[in-house]
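One letter stands for each residue in the lines below.
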Amino acid sequence: MITRVLVALVIAFLFRSVPAFSEGEHPEHPQQQQTTLPPEQMKLTPNKAEERKITMAQISTGIKKHITAETTKASDKKFHTKHGDKNLALDLVKVHEERLSGLGGGKYFACVDMKAADGTVYDIDFFLSGTPDNMKVTETSVHKVNGKALYSWKEEGGVWKKVPSA
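Residue positions are counted from 1 within each chain, in the order its sequence is given. Note on the predicted model: pLDDT of at least 70 is required for a residue's local features to be given, and 80 or more for side-chain atom pairs to be given and counted; whole-chain, interface and lining totals, by contrast, use all residues. Working from all heavy atoms in the structure, the side-chain values ignore hydrogens and water.

## Let's talk about unusual backbone geometry
Phase 1 of the analysis: Positive phi, normally seen in glycine, also occurs at Lys77, with a value near 60°.
Phase 2 of the analysis: Helix and strand definitions follow DSSP, with helices as H or I runs of at least four residues and strands as E runs of at least two, each counted in order from the N terminus. Take Lys77: it is sitting in the loop between α2 (56–73) and β3 (79–83).
Phase 3 of the analysis: Even without glycine at this site, Asn146 takes up a positive phi of about 50°.
Phase 4 of the analysis: Here Asn146 lies in the loop between β8 (134–145) and β9 (148–149).
Phase 5 of the analysis: Note on classification: 1.4 Å probe, protein chains only; a residue is buried when its accessible area is under 20% of the maximum for its type, exposed when over 50%, partly exposed between these limits. Taking relative accessible area as the criterion, Asn146 reaches 52% and is therefore assigned exposed.

## Observations concerning the side chain of His96
Phase 1 of the analysis: Counting through the fold element by element, His96 comes out in the loop between β4 (86–95) and β5 (101–104).
Phase 2 of the analysis: Judged by its relative accessible area of 12%, His96 is buried.
Phase 3 of the analysis: Polar side-chain contacts of His96 include one of 3.0 Å to the side chain of Asp113.
Phase 4 of the analysis: Residues within four places of His96 in sequence aside, it is in contact with Cys111, Val112, Asp113 and Asp123. We define a polar contact as two N or O atoms separated by no more than 3.5 Å, with the added condition that, inside protein, one atom must be a possible hydrogen donor and the other a possible acceptor, whereas residues neighbouring each other in sequence contribute only through side-chain atom pairs. What makes two residues a contact is simply this: any of their non-hydrogen atoms within 4.5 Å.

This is the structure we're talking about:
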């Protein structure tokens, strides 16, 4: 229960500074304010107290390290995550480099495609926190199954919330 409360508080804090989208627009993933720099050149400051800047490449490396560590530990060498009452055994297909985001406060977002043995493709959302050399995944959720979204993101009062897809 405490974990759920902490996750809710972290998510509320993460998304309080994200800009609202105009009416009718629904972002696919939570995101930071847009910039004109390409992702590989964009540097994000996790918070004002930290001098180290995090690049999109470091976020990508952080999520890849997490997935590699989890697959190495598994007896079947697959990445495992829960979806409903299923334990999914997945292989990494792609890290969506264009979806990587710094959310502020040392928190980051990554999205990856993973594939099950039966050919089903899962789009998995990850939230991470930490420093470039020590990123930890704080939340994982299945966002899409074979391209069909299970939820979307909606900003309400400065807080991003998952909302079921229609």
